[in-house]
Amino acid sequence: MVVDKYERFSINDVRRKCSTSSAFAVLVFLLLAVFFILPIFYLLYCSGLILAQADYIQSRSQVQQTSQKLSFNRTQDIYKQNVTLLNKLPEPPKSNSTQCQVVKNEDKLDCYPQGEVTQDTCESRGCCWQPVDNVAPLGVPYCFYPSGFPSYYYLNTSKTAFGLVAFLKRDFKTSYPGDVEILKLTVKYETATRLHIKISDPLNHRFEPPYPEIPIVDRAATNLQYELILDPAKPGFKILRKSDSTVIFDALQFGNMIFSNYFLQLSGQLPSSYIYGIGEHQTNFMLSTNWTRYTLFNRDGPPEFNQNLYGSHPFYMVLENSSNAHGVFLLNSNAMDILLQPSPIITYRTIGGVLDFFFFLGPTPTDVVAQYTDLIGRPFMPPYWGLGFHLCRYGYKTLARTKFIMERNINAGIPLDTQWNDLDYMNNSNDFTYDKIKFEGLPTFVEDLHKNGMHYIPLVDPGVSGSEPIGTYPPYDEGVKMDIFVKNSSDQIFIGKVWNTGSTVWPDFTHPNTVDYWTLMLKDFHNEVAIDGAWIDMNEPSNFYSGQITGCPDNILEHPPYVPDVVGGVLNYNTLCMTSKHYAGLHYDIHNMYGFTEAIVTNFALSEIRGKRPMIISRSSFAGIGHYSGHWSGDIWSTWSDMRYTIPQILAFSLYGVPLLGADICGFNGNSTASLCNRWMQLGAFYPFSRNHNTDDGIDQDPVAFGDLVIKSSRKALLARYSLLPYLYTLFWSAHVDGYTVTRPLFFEFTNDAQTYGIDTQFLWGSALMIIPVLKEEEETVTGYLPKGIWYNFYTRASTLSKGEYFNISAPLDTIPLFVRGGYIIPQQSALQTTTASRQTPLQLLVALDEEGSASGKLYWDDGDSLNSYEEKRYSLSTFTADKNVLRVANVYRQELPPNLGNVTVLGVQSTVSSVSVNGQDIQSFSYDPVQKVLSIEKLDLDFKNSMVLSWK
């Protein structure tokens, strides 16, 4: 059987039997009963809830079991049961004028967030009614919670080995069905800088995301940088930074906390309005706190400003007024709205799961991202060739056209590493096939790419055809045999429609058998066409129907009491029904993780098949996907505005631990122009993932298509990129090992400079390289900000000493301004046609001295493609330091040596150089430019087996 043959691929063996003895099991049960179950029942008895909760457990048991035993009948009947149960709590008391008048406009929390509200319906909830004139997108709510509104309060608190456990109770109903009357708050002091607070239902199972895999901590850390404050009379909690007593999150003062079956809400006061994250959206990098709503629910569709997009990342970072930074992550995969208002206050509204928060104390922005990725998984190490330039379009239509476009760019001198194909390479749009007429010779084409040091990546959609004749299409036949397809509410295979000519079915990537299935499908295709990676698209998942052809069941899962502000107005719009079933649970809970789970399985499968690093780019994303895959920004438009907003998106995904990110250079939808594509090719040359791609109904937009200027401009920018790849690769290694960012907002390096906080039209590679693109048509200068220090023009080597100022920078049509920061050393190589060729050239060092005449840097080097090179110690790491006219190269670790050091360029040498020595021996192969203050040392040919010392006088 296929399953048996590929059983070794499974990463989750759910069939493994438990070997615990029955006696031991009985002992464990007795201990649990004595120390956990009985105290809870006593607590409930004392609270007068034991009978109500017993009824509630019975009603909830139909909807909250794990998938193998799960009854998926969260239907309208259960909704009615929960309404009946809800009525066992009394209505909240009416608010009075004093309670309402003390609440300032900027502090008002919406008591009626969805639907038409009147004074009567508002006051029936015990809330205040005060209409005001609004100009913001949402604005001051008419109906808001009064001061002192009754919510949860603490019953008791107990210290534990990991922190504390507390129980909360509410005495009044909310307007949402299935109020959870008793809550459990679990606090874990996981590290000195990471605090974990989880609010859950102690009596009923609720869905919690199985991915990313979060470390389990059972012992409290010491030397905590935070303090937790609870108030017995109030719901919520407050968190302080110990070093300066800054309140980083205050949920004590708000009475709007709700925890019901289909609606959870919590608000917190923030210490400043400098907030970033909460993706994925097309928006500014620094988020607006002027009554703004950010919806998280993965969907397919061209980006539109501030609408929910392909990914969900409920993580944000705040820069405090002290310039310290902290981050907050809500581990919840359900659809949600996150609101920001001027106080500033953040409000979470999610429609399922639990409230599982992690707080990261930094104190630097770099520390926050490192702490976050330590939790969700460090970014994967891409293959070196994956950092080269990629070329694609939807609509080549034939292999001949694919070759023609590729070859005309190569002949024009455009560096190129990877050719891609979109959907049109497939036979009838079916996964794991290729059109043997229009793409005849594809396997040989890919072999030729490999011989020339290039690579090939095709599109692989998650949905497979469900309407091929039985026995003719293994991806469907084997999927049925292995029982790995998503089911509908009637336990039949869920059938929708994407590109396939008939119908589409979707693998359930949470099912253990899907690891075997997906590996088998990719392996069989790889045996035909030796692909080097996978472009996983349409994995929100997208569906041309809203549900099945007949729609979706009419129940509370498809139409919950609160629907976040999703495009389409309903959760199943152009996706699967929320009642469809996965191994790990209902689509209602799984939806935002679908593409993430596909990336996990694809990463494993490609690693197994090729024995090399997988190169995966996914459209859909969730927290932790950067550990397995990169991402691109989807179906953006060929407009100057869309180009501009790719920068904040790249910066935001740097926060999420997804450094390998790019956009379709020159735009996907619509027709680009020579002017736009010229500047976009320059910017795209500095996306971490650099690919030109567009739609099938647009004009050609590869660099050669627009003529000489775009060719010249693209070559100049891409050759600069290729020369900097040793530096870029080292940045990805730092991300992989330490969780540092690759593409970096300015405030990461200059946190004390408030002018950098809102800048999102320029960015850094690491600490050392500033990229300032031209984002407006027909302009040949650009206004750019250079923080305090010395900055060197990458092309001319001319220096600029900045006090922290804006400059009007020359930007000829063929040039993107680049600046090297004083104090840093950048490793380089000569730029050739491919990364394969470039990697063979001698290393170069660009030494940019600061005002003190010092600089430092590093180089990580391995073979560029093997799995686990760093973990298995098959690499080399060298450090560079320059000070007082001496450059030292030290080898931290030597295994996979880089090419020899060929030349060194030192910027900012203030005095004329008359002699240069290498390891104590004078050399003659140097020159000094007294105008630009540049020392060039050439023809070195020094290997990295030993340390080196270069000095000049």
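Residues numbered from 1 in each chain as written. Predicted model: local features only at pLDDT ≥ 70, side-chain atom pairs only at ≥ 80, totals over all residues. Heavy atoms only, no water.

## Some points on the packing of helix 8 (residues 399-411) against helix 9 (residues 442-451)
Okay, so step 1: The contact between helix 8 and helix 9 brings their axes to 11 Å, and the two run at 20°. Considering their axes alone, helix 8 and helix 9 lie roughly parallel with respect to each other. Crossing of helix 8 against helix 9: the hand is left-handed. Here Leu399, Thr402, Lys403 and Met406 of helix 8 come into contact with helix 9, specifically with Leu442, Phe445 and Leu449. (Axes fitted to C-alpha atoms, helices over the stretch in contact; angles between N-to-C directions. Helix = DSSP H or I, 4+ residues; strand = E, 2+ residues; numbered from the N terminus. Parallel < 35°, antiparallel > 145°, perpendicular 65-115°, else oblique. Left-handed = near helix turned anticlockwise from the far one by under 90°. Contact = heavy atoms within 4.5 Å.)

## Re the pairing of strand 44 (residues 876-883)
Okay, so step 1: By the bridge criterion, seven bridges tie strand 43 (residues 855-861) to strand 44 in an arrangement that is antiparallel. Looking at strand 44, one finds that tyrosine 860 is bridged to leucine 877.
Okay, so step 2: Alignment of strand 44 against strand 45 (residues 886-893), held across seven bridges, turns out to be antiparallel. Of the residues in strand 45, the one forming a bridge with serine 878 is asparagine 891.
Okay, so step 3: Hairpin connection between strand 44 and strand 45: a loop of two residues separates the two successive antiparallel strands, and lysine 884 in this loop has a positive phi of roughly 55°. (Pairing = 2+ DSSP bridges.)

## A few points about the pattern of salt bridges
Side chains bearing opposite charge may pair, as long as their charged atoms lie close to each other.
Okay, so step 1: In the structure shown here, the tally under the stated rule is 27 salt bridges.
Okay, so step 2: A salt bridge links aspartate 483 to lysine 487, with the nearest nitrogen and oxygen atoms 2.6 Å apart.
Okay, so step 3: The partly exposed category is assigned to aspartate 483, whose relative accessible area is 41%.
Okay, so step 4: With a closest N to O distance of 2.8 Å, arginine 644 and aspartate 760 form a salt bridge. Taken as a pair, arginine 644 in helix 14 (residues 640-655) and aspartate 760 in the loop between helix 18 (746-749) and strand 34 (763-765) lie far apart in primary sequence, 116 residues in all. As far as the burial class goes, arginine 644 and aspartate 760 line up, both buried. (Salt bridge = Lys/Arg side-chain N within 4 Å of Asp/Glu carboxyl O. Buried < 20%, exposed > 50% of the residue type's maximum accessible area, 1.4 Å probe, protein only.)

## Side note on helix 17 (residues 725-738)
Okay, so step 1: Compared with an ideal rise of 1.5 Å per residue, which puts 14 residues at 20 Å, helix 17 spans 19 Å between its outermost C-alpha atoms and is within 8% of the ideal.
Okay, so step 2: With twelve of its 14 residues buried, helix 17 lies for the most part within the structure.
Okay, so step 3: Considered for burial, the residues of helix 17 that qualify are Leu725, Pro726, Tyr727, Leu728, Tyr729, Thr730, Leu731, Phe732, Trp733, Ser734, Ala735 and His736. (Expected span 1.5 Å × (residues − 1).)

## Notes on helix 16 (residues 708-723)
Okay, so step 1: Given a rise of 1.5 Å per residue, 16 residues ought to cover 22 Å, and the 22 Å separating the end C-alpha atoms of helix 16 matches this to within 8%.
Okay, so step 2: Those residues of helix 16 lying buried are Val710, Ile711, Ser713, Ser714, Ala717, Leu718, Ala720, Arg721, Tyr722 and Ser723.

## Examining unusual backbone geometry
Okay, so step 1: The omega torsion across glycine 279 and glutamate 280 is 15°, close enough to zero to call that bond cis.
Okay, so step 2: Along the polypeptide, glutamate 280 turns up in the loop between strand 12 (274-279) and strand 13 (292-296).
Okay, so step 3: Looking along the chain, the bond that leaves serine 343 and enters proline 344 is cis, with omega of 5°.
Okay, so step 4: By the secondary structure assignment, proline 344 is in the loop between strand 16 (336-341) and strand 17 (345-350).
Okay, so step 5: A positive phi angle is found at aspartate 491, which is not glycine, with a value near 65°.
Okay, so step 6: Along the chain, the position of aspartate 491 falls in the loop between helix 10 (474-482) and strand 23 (504-505).
Okay, so step 7: A relative accessible area of 49% places aspartate 491 in the partly exposed class.
Okay, so step 8: Positioned with a positive phi, asparagine 574 is a non-glycine residue whose angle comes to about 55°.
Okay, so step 9: For asparagine 574, the position within the fold is in the loop between strand 24 (534-536) and strand 25 (581-582).

## A word on the side chain of threonine 743
Okay, so step 1: Counting through the fold element by element, threonine 743 comes out in strand 33 (residues 743-744).
Okay, so step 2: On the accessibility criterion, threonine 743 (1% relative accessible area) is buried.
Okay, so step 3: Aside from chain neighbours lying at most four places away, what touches threonine 743 is Ile650, Leu651, Ser654, Pro688, Phe763, Leu764 and Trp765.

## A word on the sheet that holds strand 21 (residues 455-460)
Okay, so step 1: Taken together, the nine strands give an open sheet; going across it, the order is 30-29-27-24-21-20-19-32-31, and neighbouring strands pair in parallel fashion. Looking at which strands have only one partner, the edges of the open sheet turn out to be strand 30 (661-662) and strand 31 (664-665).
Okay, so step 2: Alignment of strand 21 against strand 24, held across two bridges, turns out to be parallel. Residue pairing across strands places leucine 459 opposite tryptophan 535, the latter belonging to strand 24.

## Comments concerning the state of the cysteines
Okay, so step 1: Within this structure, the stated rule accounts for five disulfides.
Okay, so step 2: In this model cysteine 552 forms its disulfide with cysteine 577; the gap between the sulfur atoms is 2.0 Å. Across the S-S bond linking cysteine 552 and cysteine 577, the dihedral sits near -90°, which makes this disulfide left-handed. Of this pair, cysteine 552 sits in the loop between strand 24 and strand 25 while cysteine 577 sits in the loop between strand 24 and strand 25, placing them 25 residues apart in sequence.
Okay, so step 3: For cysteine 577, a relative accessible area of 3% puts it in the buried group.
Okay, so step 4: Across the disulfide, cysteine 666 is cross-linked to cysteine 677 (sulfur-sulfur distance 2.0 Å). Torsion about the S-S bond of the cysteine 666 and cysteine 677 cystine: about 75°, corresponding to right-handed handedness. (Disulfide = S-S within 2.5 Å.)

## Examining the nonpolar core
Okay, so step 1: Ranked by size, the top nonpolar core spans 187 residues in total, and within it Phe329, Phe686, Trp765, Val847, Leu887 and Val904 carry the most contacts.
Okay, so step 2: Excluding anything up to four places from it in sequence, phenylalanine 686 contacts Ala717, Ala720, Arg721, Leu724, Phe763, Trp765, Leu769, Ile771, Ile816 and Leu818.
Okay, so step 3: Grouped together as the second largest cluster of nonpolar side chains are 45 residues, Tyr154, Phe259, Leu264 and Ile346 included. (Core = buried A, V, L, I, M, F, W, Y, C linked by side-chain atoms within 4.5 Å.)

## Some points on the environment of methionine 521
Okay, so step 1: Locating methionine 521 in the fold gives a position in helix 11 (residues 512-528).
Okay, so step 2: Sequence spacing of methionine 521 and proline 474 is 47 residues, and the spatial spacing of their C-alpha atoms is 8.1 Å.
Okay, so step 3: Those residues in contact with methionine 521 that sit more than four places away from it in its chain are Phe432, Pro474, Pro475 and Glu478.

## Observations concerning the sheet that holds strand 35 (residues 769-771)
Okay, so step 1: The six strands lie next to each other as 33-34-35-40-37-38, forming an open sheet whose pairing is antiparallel. Where the open sheet ends on each side, the last strands, each with one partner, are strand 33 and strand 38 (799-802).
Okay, so step 2: Of the strand pairs in this sheet, strand 34 and strand 35 are connected by three bridges, and their pairing is antiparallel. For phenylalanine 763, the partnering residue across the bridge sits in strand 35 and is isoleucine 771.

## Considering the confidence of the model for the protein chain
The predicted coordinates ought not to be read in detail in places where the model reports low pLDDT.
Okay, so step 1: On average, the protein chain scores 92 in pLDDT, and the residues at 70 or more come to 91%.
Okay, so step 2: The lowest-confidence element of the protein chain is helix 3 (residues 50-60), averaging 29 in pLDDT; the highest-confidence one is strand 35, averaging 99.
Okay, so step 3: Below a pLDDT of 50 lies the segment residues 1-87, which in the model reaches 130 contacts outside its immediate sequence neighbourhood of four places, other chains included. (pLDDT = per-residue confidence, 0-100.)

## Here's the deal with the packing of aromatic side chains
Okay, so step 1: One pass over the structure, following the stated rule, counts 55 aromatic pairs.
Okay, so step 2: An angle of 80° between the planes, with centres 5.8 Å apart, marks the rings of tryptophan 129 and tyrosine 142 as edge-to-face. Taken together, the residues tryptophan 129 in strand 1 (residues 128-129) and tyrosine 142 in the loop between strand 1 and strand 2 (143-144) connect sequence positions 13 residues apart.
Okay, so step 3: Consider the rings of tryptophan 499 and phenylalanine 544, whose centres lie 5.1 Å apart with planes at 90°: the pair is edge-to-face. In this pair, tryptophan 499 is assigned in the loop between helix 10 and strand 23 and phenylalanine 544 in the loop between strand 24 and strand 25, connecting sequence segments 45 residues apart.
Okay, so step 4: In this structure phenylalanine 544 comes out as partly exposed when scored by relative accessible area, which is 38%.
Okay, so step 5: Among the aromatic side chains, those forming a connected cluster through ring pairs are Tyr384, Tyr729, Trp733, Tyr860, Trp861, Tyr870, Tyr875 and Tyr893. (Phe/Tyr/Trp six-rings, centres within 6.5 Å; stacked < 30°, edge-to-face > 60°.)

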